[in-house]
Amino acid sequence: MRRIRGREEGELSGKQISRRDFAKGTGLLIVSFRLFGPRAIAEAAGQTAARPDAEPEVTSLDSWLAVASDGTVTVFTSKVDLGTGVLTALSQVVAEELDVPFDRIHMKTGDTGNTIDQSQTSGSRTLHKAGPQLRQAAAAGRRALLNLASARLGTPAEKLQVSDGLVSVAGSPAKKVSYGDLIGGRRFDIRITASGSGAELKVAAEIPAKDRKNYKIVGTSVPRVDLPPKFTGEFSYSIDVSVPGMLHGRVIRPPVADSKPLAVDEKSIAEIPGIVRVVREGNFLGVVANTEWSAMQAAGALKVTWSDPEVKLPAGRDAVFAYLKNTKSYDDQIVVNEGNLETAFAGATKTFAAMYHWPFQMHGMLGPSCALADVRPDQATVWTGTQASFRTRKEVAKLLRRPEKNVRIVYVEGAGCYGRLCADDVAEDAAVLSRAVGRPVRVQWTRADEHAWEPKGPPQLLIVRAGVDTGGNITAWEFEDRSIPWTAAPDYPNLASRQTGILPQGPGSTGTGSGVVPGISSGGDLYHIRNRKISSPVVPWIQNLMTPLRTNNLRAPGSAGRCFGSETFLDELAAQLKVDPVQFRLRHFGNDQRKIEALLAATKKAGWNQRPSPAPASSGRIVAGRGVAVSNREDSMIAAVAEVEVDTASGKAKVKRVVVAHDCGLIANPNGVENQIEGNVIQGVSRTLLEEVQFDERGVNNLDWLGYPVIRYEDVPEIEIVLINRPELDFLGAGEASLVPIPAAIGNAIFDATGARLRDVPMTPERVLAALAARSSSM
C-alpha cells in the first residue's frame, strides 16, 4: 500500500548534473541557471552570437547524442519534463541501450536551437513515442562506438561487449577502451535513417535494439533526477529566469469578452516611477517598467476606454448545454457504426437512455504563466515553460514576422500545466513587449489573468442509450459525445496574435491531430456489443473574437468525460438489472485478457464484495459505498475502485480510498508510474467533486482559488496501486490514463452509498442533495 503523502526512503538521492561536463565537446549555446538567490541568472556566454544557419538535422546522429571525454552522454530531445519525471524514464531508455550508468546521462530538452522536433509534450506520448526514437538513436550510437572500438582494439565488433560505457574484448577483459576515449568531445559525423515527423518520426529503425530480456536499467525504480533540488528549494522555474538589463511587462486584457481599447490615458500612470512605455499594437495593450512592482501598479491604474462587446458569451452552464444539444454539428465524427442499431433496439427486451454533463474546467496551474523574451533585429530568444517548443517558435515567428530559424525557444519548467502551455500565450506577450522596447522583457501573469484567460477544457454533453435482451446482455449501444472544438490549437492564433490582427482560419481543431481519438472511453471501445454507434459531433464555437472561453486539451482530453458518461451508464444498467457491476462488465468483455486482468486485479486489491448496487439502506447520516470503472486510453488499460462516504445532511461526498490497476505496457520506471497514478487520482478526485468554470455573458467569474477550489491535502484519499507490467508490449503512456475512470468510479460509489444517481460533474454538495431529494420523491 502506498500513501501519496509518504515517500520511500532514498528518493531524495539522484544523479548530480555537472554543467561543466555537459558543456564539454558540445560547442552549443548554453544557458545555465544559478540555483540560489531570488533570480536565476541566464549567463550571456554565446547568447548574443548569431546562431548558425544550419539547424540540427534529423539524419545526423550528432543531433541526438554527444559523448564527453569523461564518458558522460548528453541526449538532445524536444520533449520536456512538466514535473512528471519523464526525463528520468527517457534517461533510463538511453542508458540501457548504450550500456552506460544511468548517472552519466544528461538530458538537454526543449531548446529549438539544438533539438529535433518530436512534437509537443502532451497526450501521454513522451515515453510512448519519444522513447523508441531515443532508443533507436542510442542503438545507432552504440553501433558507431562499437565500430570505433573494433578499429582501436583490432577485434570484430561482434566479439566486443560493453559494460558501464567500457568496451572490452569478450574473453580478454584487459583489452578495453571507454566511450570517452573513443570519441569524447568530438562529433560522430554519422548519418542515420529517418522517416516521418514529429511524434510519428522513426529513427534508425533498421538497427536492432537490445533484447528486452537483458534489460538492467529499464524496469527499475531509478530515483527521479528533478526532485532533490525541488525538495530543497534550489530548483529554478520559469518565474526565476532573468538576464542583465531585463525589464518587466504586464498585459492588460479587456474586462469583458470581445471588448477592444478605444482610448488609453497614459497620463493616468505618470506618477508611477520607472515606467518605460505603454505598448499598444492593434488591440494588444501592455505596459513595460523597470520593476515588477511598477509594471503591476501601472497595469492596474492605466485608464482605458473599452468598446462595448459585439458578441456575448452564453449566459452560463445551462445555456452552454442547451447550445450543445440544439446546435447542428459541423463534423459528426462517426467513429463506429456496426450492425443494425435500430433493429436491435426494436428487438430489445428493455431499453435505457440517459444524458450526462461535463463542464468547462481549468488547467489550474499552481504557478501562473511566465516568460522572458529578448527580441533583437536579427534574433529572438524566449525562455518559457511551453509544452511545445517548436509550436511556440512557429507562433512567435509568425507574430514577429520573421523566419523561424531566427527565433529560438528555450524551455524552462513551469509549475504544472496539464495541457495549458501547449498554447503558450505568455511567450507571445513577452515577445511583443520586447520588440516594442528593444530590450529583454519578462512577463508574468497574475492568478486572475490565468483563471480568466487560460484556454479551458471544453464541456461535453454525453447522450447514451442501450438495449438489452432477456438474458441481460447489451444488444444495442448508441453513444453521442457532443462538444466544441479546440480554439487554442496548433495553427490557431494565441491571444497576442489575435489582438495584433492574426485571425484564425477555420472552426477550430477536433483534437485528433494532437493524439486525441474520438470515441475512446465511450463504452463501445471496451465492450463487445454487436450493434453499436459511437459519434463525437463537434458544434461550432466562438472564434473570431477575444473570449476567455477559448478551449484546448486538458489532461485526458475528452476521455474523462466520455468515460464518466459510458461507465456511469453501464453502472445504471447493472443496477436496473440487479447485477453486480463487476460481473456485468466481465460479461461484456469477451476474451480480452488485458481488460479482464486489470478489472480483477483492482477489485481483488480493493476486497470487492459481489452484490448489486446500491448497498442495503443505512439509517445513519454518514453512508458508505464503493464504485468501479474501467477505461482504455490509447491502449493503456485501467480499472479503478473508489470508496466514498457521503454526509446525507450536508451532501458532501468524501473519497476515502482509491484502488487502481494499471496496464500501460512495458514499464520503464515503476515508481515513476506510481507517481503518475497518484497525481492522476488526486486531480481526478478534484475535478470530479470541485472544479467548474463559472461564467456569464461578460466572462469568467471565478478568478482565484476561493472561486475555483481544488482538492486540499486533508481530502486526498488513500491510494493503492497494482502495476501490470507487459514487457512484450512497448511503452503505452501513463501520464493521463489513470485519471480517466476516476469520475465514473466516484459517481458509481456515491450511488452505491445513497441510491441517488449523479449525472453532472462536479458532484457538489448541492447536486448530491438534489439527487437525494429526487430519489426520495421517486420512491
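Quantities reported herein were computed from a predicted structural model and do not represent experimental measurements.

Digging into the overall build of the protein
Part 1 of the argument: In terms of helices and strands, the protein carries 18 helices and 28 strands.
Part 2 of the argument: Over its C-alpha atoms the protein spans a radius of gyration of 27 Å, differing by no more than 12% from the 28 Å that the globule rule assigns to 779 residues.
Part 3 of the argument: Principal axes of the C-alpha set define a box for the protein whose edges measure 80 × 80 × 45 Å.
Part 4 of the argument: The burial tally for the protein puts 61% of its 779 residues in the buried class.
Part 5 of the argument: Put simply, the protein shows about 29600 Å² of open surface, and 52% of that area lies on carbon and sulfur atoms.
Part 6 of the argument: Taking the 92 positively charged and 87 negatively charged side chains of the protein as two groups, their mean positions are separated by 1 Å.

Here's the deal with the packing of helix α13 (residues 559-576) against helix α17 (residues 742-754)
Geometry of a packed helix pair, given as the angle between the helix axes and the separation of the axes.
Part 1 of the argument: The contact between α13 and α17 brings their axes to 8 Å, and the two run at 30°. It follows that α13 is roughly parallel to α17 by the angle criterion. In terms of crossing hand, the pair formed by α13 and α17 is right-handed. Where α13 approaches α17, its residues C563, F564, E567, T568, D571 and A575 are matched on the opposing element by P743, A744, N748 and F751.

Brief notes about the sheet that holds strand β25 (residues 622-633)
Part 1 of the argument: With respect to topology, four strands assemble into an open sheet ordered β25-β26-β27-β28, the strand pairing being mixed. A strand with exactly one partner marks an edge of an open sheet, and here the two such strands are β25 and β28 (718-723). Ignoring which end each strand starts from, the neighbouring axes of this sheet average 15° apart.
Part 2 of the argument: Pairing of strand β26 (residues 636-647) with strand β27 (residues 653-663) involves 10 bridges; the strand directions are antiparallel. Bridged to I638 within β27 is H662.
Part 3 of the argument: Packing of helix α16 (residues 670-689) onto the sheet brings it into contact with β27 and β28, and relative to β28 it is tilted by some 135°.

Digging into the pairing of strand β22 (residues 460-468)
Part 1 of the argument: The element β22 is extensively covered by neighbouring structure, given that seven of its nine residues are classed as buried.
Part 2 of the argument: Note that strand β17 (residues 350-358) and β22 share nine bridges and pair antiparallel. For K350, the partnering residue across the bridge sits in β22 and is V468.
Part 3 of the argument: Once β22 ends, the chain turns through five residues before running back antiparallel as strand β23 (residues 474-483), passing G472 with a positive phi of about 80°.

Looking at the pattern of salt bridges
Part 1 of the argument: Taken as a whole, this structure holds 57 salt bridges when the rule is applied.
Part 2 of the argument: One salt bridge in this structure joins D425 and R420, with 3.1 Å as the shortest N-O distance. Accessibility assignment for this pair places D425 and R420 in one class, buried.
Part 3 of the argument: The network of salt bridges with shared partners includes E567, D571, E572, R585, R757 and R759.

Things to note about the packing of helix α2 (residues 86-98) against helix α3 (residues 126-153)
Part 1 of the argument: For the pair α2 and α3, interaxial distance at closest approach is 8 Å and the crossing angle is 30°. In terms of orientation, α2 lies roughly parallel with respect to α3. The two elements α2 and α3 meet at a crossing, and its hand is right-handed. Between α2, through V86, A89, L90, V93, V94, E97 and L98, and α3, the contact on the second element is made entirely by T126, L127, A130, G131, L134, R135, A138, A139, G141 and R142.
Part 2 of the argument: Tallied by class, residues from the contact of α2 with α3 come to 11 nonpolar, three polar and three charged.

What to know about α2
Part 1 of the argument: Relative to the 18 Å expected for 13 residues at 1.5 Å per residue, α2 spans 19 Å between its end C-alpha atoms, a close match to the ideal helical length.
Part 2 of the argument: Burial of α2 is extensive: 13 of the 13 residues sit out of reach of the surface.
Part 3 of the argument: Just downstream of α2, D99 is the residue with a positive phi angle, here 60°.

Things to note about the nonpolar core
Part 1 of the argument: Grouped together as the largest cluster of nonpolar side chains are 83 residues, with contacts concentrated most on I474, W477, F569 and I746.
Part 2 of the argument: L65, L90, Y215 and V222 belong to the second-largest nonpolar core, a separate cluster that totals 52 residues.

Section: the packing of aromatic side chains
Part 1 of the argument: In this structure the tally under the stated criterion is eight aromatic pairs.
Part 2 of the argument: Ring geometry for F360 versus W541: centroids 6.0 Å apart, planes at 45°, classification tilted. Taken as a pair, F360 in the loop between β17 and β18 (370-375) and W541 in the loop between β24 (531-535) and α13 lie far apart in primary sequence, 181 residues in all.
Part 3 of the argument: Note on F360: relative accessible area 3%, which makes it buried.

So, the confidence of the model for the protein
As a note on interpretation, predicted positions should not be read in detail where pLDDT is low.
Part 1 of the argument: Mean pLDDT for the protein: 91, with 91% of residues reaching 70 or above.
Part 2 of the argument: This model gives residues 1-52 a pLDDT under 50, and the stretch forms 114 contacts once residues within four places in sequence are excluded.

A look at unusual backbone geometry
Part 1 of the argument: In this structure, the amide linkage connecting S613 to the following residue, P614, adopts the cis form with an omega of 5°.
Part 2 of the argument: You can see P614 is positioned in the loop between α15 (593-606) and β25.
Part 3 of the argument: Residues V761 and P762 are joined by a peptide bond in cis, for which omega reads 0°.
Part 4 of the argument: Along the chain, P762 falls in the loop between α17 and α18 (765-778).
Part 5 of the argument: Its identity as a non-glycine residue notwithstanding, A556 has a phi of 60°, on the positive side.
Part 6 of the argument: Locating A556 in the fold gives a position in the loop between β24 and α13.
Part 7 of the argument: By relative accessible area, which is 1% here, A556 ends up buried.
Part 8 of the argument: Positive phi is not limited to glycine here, since K578 has a value of about 60°.
Part 9 of the argument: Its location among the elements puts K578 in the loop between α13 and α14 (581-587).

What counts as what
- Residues numbered from 1 in each chain as written.
- Predicted model: local features only at pLDDT ≥ 70, side-chain atom pairs only at ≥ 80, totals over all residues.
- Heavy atoms only, no water.
- Helix = DSSP H or I, 4+ residues; strand = E, 2+ residues; numbered from the N terminus.
- Rg over C-alpha atoms; globule rule 2.2 N^0.38 Å.
- Buried < 20%, exposed > 50% of the residue type's maximum accessible area, 1.4 Å probe, protein only.
- Areas by Shrake-Rupley, 256 points an atom, 1.4 Å probe, with all protein chains shown as cover.
- Lys, Arg positive; Asp, Glu negative; His and termini not counted.
- Charge placed at Lys NZ, Arg CZ, Asp CG, Glu CD.
- Axes fitted to C-alpha atoms, helices over the stretch in contact; angles between N-to-C directions.
- Parallel < 35°, antiparallel > 145°, perpendicular 65-115°, else oblique.
- Left-handed = near helix turned anticlockwise from the far one by under 90°.
- Contact = heavy atoms within 4.5 Å.
- Pairing = 2+ DSSP bridges.
- Salt bridge = Lys/Arg side-chain N within 4 Å of Asp/Glu carboxyl O.
- Nonpolar A, V, L, I, M, F, W, Y, C, P; charged D, E, K, R; others polar.
- Expected span 1.5 Å × (residues − 1).
- Core = buried A, V, L, I, M, F, W, Y, C linked by side-chain atoms within 4.5 Å.
- Phe/Tyr/Trp six-rings, centres within 6.5 Å; stacked < 30°, edge-to-face > 60°.
- pLDDT = per-residue confidence, 0-100.

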